[in-house]
Amino acid sequence: MLRSALYPLKFEPIYKHLLWGGSKIFTFKGEPASYGDVGESWELSGVKDNVSKVSNGPLKDKLLTDLLEQYRELFVGEQVYSRYGNEFPLLFKFIDAHDDLSIQVHPNDEMARKRHQSNGKTEMWYVLDSEQDAYLYAGFNKDTTRHEVKHCIESDNILSILNKEKVEPDHAFFVPAGRIHSIGKGVLLAEVQQTSDVTYRVWDYGRRDSKGNKRQLHVDLALDAMDYRNHNSYRTVYRPKLNSKVKLKECSYFTENLIEADTVMNFDYGALDSFVVWMCIGGQAVFASQRHHKDYISQGETVLFPACDKPVAFIPSCGNVKILEVYIA
């Protein structure tokens, strides 16, 4: 009886008004630009005070967290529920950097739980659109130390030791907890991350908020959290393949695949003990699930397939459809 009540779920986006935000998320979704300062659209969230609400079908207006408490393993899978209980483990966003974001870092699980009673934050970025010469920062351009980083922050010279990456659409970046980073002006991307809202702001270009106050920095906390090593590569390199799944990243927190197709694709999730989330980043498709539910997904939409009703196939409606597929292995 409980199983039959679940079906592929869509949710109302939660828009975040931020001083660096713009209006590209609405353009990407094909909607009128209601606001000009939306930096993030939280597509699927279990974060306290920011819990997503169902927007389709018989469960419309139900909260994500209430569904998880009620349907448990049927909703997220036995191994996911055993690990996370009544906490939905991932947060899905679209981000529009109309201006540069602050330089920041996130703590790992151990530090976040000790200091904030929260998860850490490891995340993945997929670039959807970028203006000419747009860039982001990910990691350091050399091995460094706590002392050097602190000196660079205090002397407003932190950018000189950061790894700067020119970005284009379809670039992907894995950002583990502890990696210093920032999204640059003119970048629109999709983000998948652990369920956490803990961010340590390192440096913020001296900007002031709407009340004329400089935004709070968290330098000492950030210095405790940082990975000071230089890594050989920061961008995720992959080979796109039409009508196939391409793995972007598999880690302990999530697996993210890219699917691009111009024909029918069938899916076998029989061995997967997890929910599946699709973020549509291009085109439109009609899909069917295991329990014979049918619906569509369009660019800018996110669909959660419960563990007991995973997708089995989709048909692109017109031309190519492109999807980011996420689950917990």
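What you are looking at is a predicted structure, and each value in this text was computed from that prediction instead of being measured.

## Some points on the overall build of the protein chain
So, step 1. In terms of helices and strands, the protein chain carries 6 helices and 24 strands.
So, step 2. Taken over C-alpha atoms, the radius of gyration comes to 20 Å for the protein chain, in line with the 20 Å a tight globule of 329 residues would show.
So, step 3. Within the protein chain, the proportion of its 329 residues that are buried is 56%.
So, step 4. By element, 45% of the accessible surface of the protein chain is carried by carbon and sulfur atoms, the whole surface being about 14,600 Å².
So, step 5. Of the side chains in the protein chain, 40 bear a positive and 45 a negative charge, and the two mean positions are spaced by 2 Å.

## Looking at the pattern of salt bridges
So, step 1. Under the counting rule described, the total for this entry stands at 18 salt bridges.
So, step 2. Note that Asp170 is salt-bridged to Lys322, the shortest N-O span being 3.0 Å. Taken together, the residues span a long stretch of sequence, with Asp170 in the loop between strand 10 (162-166) and strand 11 (172-175) and Lys322 in strand 24 (residues 321-327) at a distance of 152 residues.
So, step 3. Put simply, Asp204 and Arg207 hold a salt bridge, and the shortest N to O gap is 2.7 Å.

## Topic: the sheet that holds strand 15 (residues 235-236)
So, step 1. The antiparallel open sheet is built from 7 strands, whose spatial order is 2-3-6-13-8-11-15. Among the strands making up the open sheet, the edge pair consists of strand 2 (14-22) and strand 15.
So, step 2. Bridging between strand 3 (residues 38-44) and strand 6 (residues 90-97) involves 4 bridges; their strand directions are antiparallel. Within strand 6, the position partnered with Trp42 by the bridge is Lys93.

## Brief notes about the sheet that holds strand 22 (residues 302-305)
So, step 1. Taken in spatial order, the 6 strands line up as 1-22-19-24-17-16 in an open sheet, and their pairing is antiparallel. Each edge of the sheet is formed by a strand with only one pairing partner; in this case those strands are strand 1 (9-10) and strand 16 (244-250).
So, step 2. Taken together, the 4 bridges between strand 19 (residues 276-282) and strand 22 define a ladder with antiparallel strand orientation. Bridge assignment links Val277 to a residue of strand 22, and that residue is Leu304.

## With respect to the environment of His116
So, step 1. As for its placement among the helices and strands, His116 is situated in helix 4 (residues 109-116).
So, step 2. Sequence separation of His116 and Ser289 is 173 residues, and the distance between their C-alpha atoms is 39 Å.
So, step 3. Leaving out residues up to four positions away in the same chain, His116 has contacts with Met111, Val198 and Tyr200.

## A closer look at helix 5 (residues 146-154)
Residues three or four positions apart in an α-helix share a direction because the helix packs 3.6 residues into each turn.
So, step 1. All of the buried residues along helix 5 are Val149, Cys152 and Ile153. Each buried residue of helix 5 sits inside an arc of 100° when the element is viewed along its axis, so together they form one side. Seen from the open side of helix 5, the exposed residues pointing more than 90 degrees away from its buried face are His147 and Glu154.
So, step 2. Positive phi shows up at Asp156, right after helix 5, with a value of about 55°.

## Considering unusual backbone geometry
So, step 1. For Arg72, which is not glycine, the phi dihedral falls at a positive 45°.
So, step 2. On the secondary structure map, Arg72 appears in helix 2 (residues 64-76).
So, step 3. Overall, Arg72 belongs to the partly exposed group, its relative accessible area being 37%.
So, step 4. Even without being a glycine, Tyr205 presents a positive backbone phi close to 60°.
So, step 5. Mapped onto the secondary structure, Tyr205 falls in the loop between strand 14 (200-203) and helix 6 (219-225).

## Looking at the nonpolar core
One broad trend across soluble globular proteins is that nonpolar side chains are buried collectively.
So, step 1. Counting residues in hydrophobic clusters, the biggest one holds 48 residues, and the most contacted among them are Leu9, Phe75, Phe88, Phe92, Tyr126, Phe254 and Leu304.
So, step 2. The element best represented in this core is helix 2, accounting for 6 residues.
So, step 3. Core analysis: the second largest hydrophobic core is formed by 23 residues, Val105, Met111, Phe140 and Val149 among them.

## Considering the packing of aromatic side chains
So, step 1. Under the definition given, this model contains 15 aromatic pairs.
So, step 2. Seen in terms of ring centroids, Trp278 and Phe314 are 5.7 Å apart; in terms of plane orientation they differ by 80°. Their pairing is edge-to-face. Of this pair, Trp278 sits in strand 19 while Phe314 sits in strand 23 (residues 311-316); the two residues are 36 residues apart in sequence, bridging distant segments of the chain. Neither residue differs from the other here; Trp278 and Phe314 are each classed as buried.
So, step 3. Between Phe287 and Phe305, the aromatic rings sit 5.1 Å apart at their centres with planes inclined by 70°, giving edge-to-face as the arrangement. You can see Phe287 sitting in strand 20 (residues 284-289) and its partner Phe305 sitting in strand 22, a full 18 residues away along the chain.
So, step 4. In this structure Phe287 comes out as buried when scored by relative accessible area, which is 2%.
So, step 5. Connected via pairs of aromatic rings, a cluster forms that spans Phe267, Tyr269, Trp278, Phe287, Phe305 and Phe314.
So, step 6. Taking the ring centre of Trp42 as reference, the NZ or CZ of Lys16 above it sits at 4.4 Å.

What counts and what doesn't
- Residues numbered from 1 in each chain as written.
- Predicted model: local features only at pLDDT ≥ 70, side-chain atom pairs only at ≥ 80, totals over all residues.
- Heavy atoms only, no water.
- Helix = DSSP H or I, 4+ residues; strand = E, 2+ residues; numbered from the N terminus.
- Rg over C-alpha atoms; globule rule 2.2 N^0.38 Å.
- Buried < 20%, exposed > 50% of the residue type's maximum accessible area, 1.4 Å probe, protein only.
- Areas by Shrake-Rupley, 256 points an atom, 1.4 Å probe, with all protein chains shown as cover.
- Lys, Arg positive; Asp, Glu negative; His and termini not counted.
- Charge placed at Lys NZ, Arg CZ, Asp CG, Glu CD.
- Salt bridge = Lys/Arg side-chain N within 4 Å of Asp/Glu carboxyl O.
- Pairing = 2+ DSSP bridges.
- Contact = heavy atoms within 4.5 Å.
- Arc of directions from axis to C-beta.
- Core = buried A, V, L, I, M, F, W, Y, C linked by side-chain atoms within 4.5 Å.
- Phe/Tyr/Trp six-rings, centres within 6.5 Å; stacked < 30°, edge-to-face > 60°.
- Lys NZ or Arg CZ within 6 Å of the ring centre and 35° of its normal.

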